[in-house]
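# Architecture and fold: a report
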Amino acid sequence: METRIEHDSIGSMRLSMDVYYGVQTLRAKNNFHITGSAIHPELIVSLAQVKKAATITNRDAKILDAKIAEAIISACDEIISGKLQDQFIVDPIQGGAGTSANMNANEVIANRAIEILGGTKGDYSIVHPNDHVNMAQSTNDVFPTAGKITILKMLPKAISELERMYNALELKSLEFDNIIKMGRTQLQDAVPIRLGQSFHAYSSMIKRDINRLNKAQNEMLTLNIGATAIGTSINASPEYLNNIIYNLRKVTGINVTEAEDLIDATQNLDGFVSVSGVLKTCAVNLSKMANDLRLLSSGPRTGIGEINLPSKQNGSSIMPGKINPVIPEVVSQVAFNIIGNDFTITMAAEAGQLELNAFEPVLFYNLFQSIETLKNATKTFVDNCIIGITANKERCNELVNNSVGMVTALCPYIGYKKAADIAKEALKTGVQVKKIVLRQGILTPKQLEQILNPIAMTEVNRSLSEEEILKETKYAMGE
C-alpha cells in the first residue's frame with residue numbers, strides 16, 4: 001500500500017495515499033474511540049458550507065489566491081453533494097471543543113483541492129489546511145456555526161412530521177366526535193367526554209409544540225462566525241467580517257445573522273439549551289399521549305378497551321395471540337432518551353469556562369440525536385398508530401352508563417350530599433345512577449333525561465340568559 005508521511009506539532013504519522021484526511025484527523029481517530037460512529041452527515045455538509053463561504057469571502061477580499069480558492073470551493077461542493085463522507089472519521093464526542101472535526105474538514109478539503117490542482121495528497125505547499133482552508137477562521141466560530149446550520153436543517157423535518165401528526169389527530173377528533181366515553185381523573189371515573197374531544201386536546205397540544213419549535217429556530221439564526229478564537233475577530237480582515245454572513249446566506253439559503261456581541265456568542269451556549277428544552281417539552285407531550293392510548297386500548301377484554309390500536313407485530317414469544325402497543329411504547333422510550341439528552345446538553349452548556357465552552361461536541365451529539373429521534377418517533381406514531389386507531393363505541397357507551405360519574409351533573413339540582421349518597425349506593429349495589437334516582441322519586445324521568453344527557457354534559461354552555469347578561473353588565477359597571 002502506497003503511503004505518505006505527514007507532520008504536525010506533535011510529530012509525524014504515516015497515512016495511506018488513498019485517504020483525504022491528514023495527520024491531525026488520524027490522531028483524533030486514535031484518541032477518541034467513544035461512540036464508534038462519525039460526526040453527523042448533516043454536520044459534515046454544514047462544515048463544508050462554512051468553508052465554502054469563508055473561501056469565497058477571502059477570495060473576494062483578495063487575500064486568498066483565486067486559483068487556490070476555486071479548487072477549495074470545488075472540493076467543498078463535492079462534499080456538499082454527498083461525496084467524501086467516508087473521509088470524516090472523527091468521533092462526534094471528542095476533546096478539544098470540536099477542533100478535530102474542524103481539522104478533519106480542513107484536511108479533506110485541502111487534499112481534494114490539491115488533487116484538483118494536479119498535486120499529490122499531502123503536499124500542503126499547494127493548498128494548506130490551516131493557512132488556506134481555515135483562513136480567517138477558528139474552530140471556535142466554525143464549529144458552533146456549522147452546528148447551528150445543521151440544527152436549522154434538521155428542525156424543519158421534525159416540525160413537518162409534527163404537522164402531519166396534528167392533521168391526523170384533527171381528523172380523528174372529527175371521526176370520533178359522536179362517541180361518548182367516560183372521562184377519568186386520577187384514573188378514576190369522572191364525567192363524560194366525547195372521544196373526539198380527547199383527540200382534539202391532543203392536537204391542540206401538538207400545535208403548541210409546533211409553535212414552540214418554530215420559535216426555537218430563531219435561536220439558531222444568530223451566528224458567531226467571524227469571532228475567530230474568543231470573539232475579538234483576531235486574524236479576520238475587515239472585508240471578511242463585513243461579508244462572511246452575506247456569503248453564508250448565499251451558500252446555505254438560510255437567513256442567518258451576525259451576533260451583536262461576538263464574545264458572548266462564542267462563550268455562551270444558552271440558545272442550544274433553549275432548543276433542547278423545547279424538544280424535551282414536545283417529547284413529554286408525545287409520551288403522555290402514548291400513555292393515554294395504551295391505557296384506553298388496554299385489555300382488550302379485561303382493561304378499558306375503548307379504542308383499538310393497529311396490530312403491528314406479535315406481542316409475546318410465549319403467549320399466543322398477544323398483541324402489544326409497541327408503537328406508543330417506542331415513542332415513550334424516545335421521549336425518555338430526549339429527556340436524558342436535555343440533561344446532558346444542560347450540563348455541557350453550564351460547563352463552559354471563561355471565553356470558550358469546550359463541550360459543544362457532546363452537546364451537538366445529543367441535540368442532533370434528539371431532533372432526529374423526535375422526527376422518527378413522530379413519523380412512526382402517525383403512520384403505524386394514530387391513523388389506524390378505531391373506537392369501540394359500544395364499550396364506551398357501556399362504561400358511561402354503568403359509571404357513577406354521571407352523578408356529578410345532578411349536584412346543581414339535588415345538592416352535593418344527596419348526589420354523593422346516590423354514588424355510594426350505585427357503587428355498593430351495582431345499580432345504575434338513573435335507576436336509583438327514579439326509584440327514589442327525586443326527579444322525573446323527563447328531568448333526568450335532560451340532566452343526564454351525555455352529549456349535553458360534554459358541551460360547554462357559554463350562553464347567558466337575559467337576567468344573567470344584565471347581572472354581568474352591572475358588575476362590569478361597578479354597580
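Each remark here, short or long, concerns the structure printed above.
Since the model is a prediction, treat every value here as computed from it, not as a measurement. (Residues numbered from 1 in each chain as written. Predicted model: local features only at pLDDT ≥ 70, side-chain atom pairs only at ≥ 80, totals over all residues. Heavy atoms only, no water.)

When its secondary structure is counted, the protein chain shows 19 helices and eight strands. By the compact-globule yardstick of 23 Å for 479 residues, the protein chain is too spread out, its C-alpha radius of gyration being 31 Å. For the protein chain, the spread of C-alpha atoms along the three principal axes comes to 100 × 70 × 35 Å. Taken over 479 residues, the protein chain has a buried fraction of 48%. (Helix = DSSP H or I, 4+ residues; strand = E, 2+ residues; numbered from the N terminus. Rg over C-alpha atoms; globule rule 2.2 N^0.38 Å. Buried < 20%, exposed > 50% of the residue type's maximum accessible area, 1.4 Å probe, protein only.)

The next subject is the side chain of Asp 209. By the secondary structure assignment, Asp 209 is in helix α7 (residues 195–220). Here the side chain of Asp 209 touches Arg 212 through a polar contact of 3.0 Å, side chain to side chain. When near neighbours in sequence (up to four residues on either side) are disregarded, Asp 209 contacts Thr 281, Cys 282 and Asn 285. (Polar contact = N/O pair within 3.5 Å; in protein donor to acceptor, adjacent residues only side chain to side chain. Contact = heavy atoms within 4.5 Å.)

Looking at where Leu 293 falls in the secondary structure, it is placed in helix α10 (residues 270–296). Judged by relative accessible area, Leu 293 falls into the buried class, the value being 0%. Along the backbone, Leu 293 and Glu 360 are 67 residues apart, and their C-alpha atoms lie at a distance of 37 Å. Residue contacts for Leu 293: discarding those within four places in its chain leaves Phe 199, Tyr 202, Ile 307, Leu 309, Phe 381, Cys 385 and Ile 389.

Right, let's get into the packing of aromatic side chains. The description of an aromatic ring pair uses the distance of the two centres, along with the angle that the planes make with each other. Here the structure, examined in full by the defined rule, presents five aromatic pairs. Both rings, one in Phe 199 and one in Tyr 202, keep their centres 5.6 Å apart while their planes meet at 80°; by these two values the pair is edge-to-face. Of this pair, Phe 199 and Tyr 202 both sit in helix α7, separated by three residues, roughly a single helical turn. Taken as a pair, Phe 199 and Tyr 202 share a single burial class, namely buried. Through a chain of ring-to-ring contacts, three or more aromatic side chains come together here, namely Phe 143, Phe 272, Phe 364 and Phe 368. Across the ring face of Tyr 20, the terminal group of Lys 121 is positioned such that the distance to the ring centre comes to 4.5 Å. Directly above the aromatic system of Phe 272 lies the positively charged group of Lys 148, at a separation of 5.6 Å from the ring centroid. (Phe/Tyr/Trp six-rings, centres within 6.5 Å; stacked < 30°, edge-to-face > 60°. Lys NZ or Arg CZ within 6 Å of the ring centre and 35° of its normal.)

Turning our attention to the state of the cysteines. Under the definition given, this model contains zero disulfides. This cysteine, Cys 396, is not joined by any disulfide, and Cys 385 carries the nearest cysteine sulfur, 16 Å off. (Disulfide = S-S within 2.5 Å.)

On to the pattern of salt bridges. Under the counting rule described, the total for this entry stands at 24 salt bridges. The partner of Glu 306 in a salt bridge is Arg 184, with the nearest N and O atoms 2.8 Å apart. Here the residue Glu 306 occupies a position in the loop between α10 and β7 (307–308), and Arg 184 occupies one in strand β3 (residues 180–185), the gap between them amounting to 122 residues. Under the relative-accessibility criterion, Glu 306 is labelled buried at 0%. (Salt bridge = Lys/Arg side-chain N within 4 Å of Asp/Glu carboxyl O.)

Time to look at the pairing of strand β2 (residues 12–16). The pairing of strand β1 (residues 3–7) with β2 spans five bridges and is antiparallel. By the bridge assignment, Ile 5 is partnered in β2 with Arg 14. (Pairing = 2+ DSSP bridges.)

Turning to unusual backbone geometry, a few remarks are in order. Put simply, Gly 299 and Pro 300 share a cis peptide bond, and its omega is 5°. Mapped onto the secondary structure, Pro 300 falls in the loop between α10 and β7. The backbone phi angle of Ser 233 is positive, close to 65°, even though this residue is not glycine. Within the secondary structure, Ser 233 is located in the loop between β5 (222–223) and α8 (238–252).

The next subject is the pairing of β1. Across the two faces of β1 the burial differs, with Arg 4 and Glu 6 buried and Thr 3, Ile 5 and His 7 not buried at all. The antiparallel pairing of β1 with β2 creates a hairpin that spans four residues between the two strands, and Gly 11 there sits at a positive phi of about 160°.

Helix length check: helix α4 (residues 99–116), at 18 residues, gives a terminal C-alpha distance of 25 Å against a target of 26 Å (1.5 Å per residue), a fit within 8%. For α4, the buried fraction is high: 15 of the 18 residues fall into the buried class. (Expected span 1.5 Å × (residues − 1).)

The subject of this paragraph is the nonpolar core. The tendency in soluble globular proteins is for nonpolar side chains to be buried as a group. Grouped together as the largest cluster of nonpolar side chains are 114 residues, with contacts concentrated most on Met 289, Leu 293 and Phe 381. Counting residues per element, this core draws most heavily on helix α6 (residues 139–175), which supplies 14 residues. Leu 410, Val 433, Leu 443 and Leu 448 belong to the second largest nonpolar core, which has 20 residues in total. (Core = buried A, V, L, I, M, F, W, Y, C linked by side-chain atoms within 4.5 Å.)

Between α6 and α7, the least distance of the axes is 9 Å, while the angle of their chain directions is 165°. On the basis of the axis angle, α6 is roughly antiparallel to α7. Our pair here, α6 against α7, has a crossing hand that is left-handed. Considered class by class, the residues forming the contact of α6 with α7 number 15 nonpolar, six polar and six charged. (Axes fitted to C-alpha atoms, helices over the stretch in contact; angles between N-to-C directions. Parallel < 35°, antiparallel > 145°, perpendicular 65-115°, else oblique. Left-handed = near helix turned anticlockwise from the far one by under 90°. Nonpolar A, V, L, I, M, F, W, Y, C, P; charged D, E, K, R; others polar.)

What follows concerns a negative patch on the surface. Residues Glu 219, Glu 260, Asp 261, Asp 264 and Asp 270 make up a contiguous surface patch of negative charge. Mapped onto the elements of the fold, Glu 219 is located in helix α7. (Patch = residues over 30% accessible without salt bridge, like charges linked within 9 Å, V, L, I, M, F, W, Y side chains within 5 Å. Areas by Shrake-Rupley, 256 points an atom, 1.4 Å probe, with all protein chains shown as cover. Lys, Arg positive; Asp, Glu negative; His and termini not counted. Charge placed at Lys NZ, Arg CZ, Asp CG, Glu CD.)

Topologically, Asn 291 is positioned in helix α10. Distance from Asn 291 to Glu 329, taken between C-alpha atoms, is 8.1 Å for residues 38 residues apart in sequence.

Along the chain, the position of Lys 148 falls in helix α6. An unpaired buried charge is present at Lys 148: no salt bridge exists, and Glu 219, the closest side chain of opposite charge, is 7.0 Å distant. Here Thr 222 takes part through its backbone oxygen, which lies 2.6 Å from a polar atom of the side chain of Lys 148. Aside from chain neighbours lying at most four places away, what touches Lys 148 is Glu 219, Met 220, Thr 222, Leu 223 and Phe 272.

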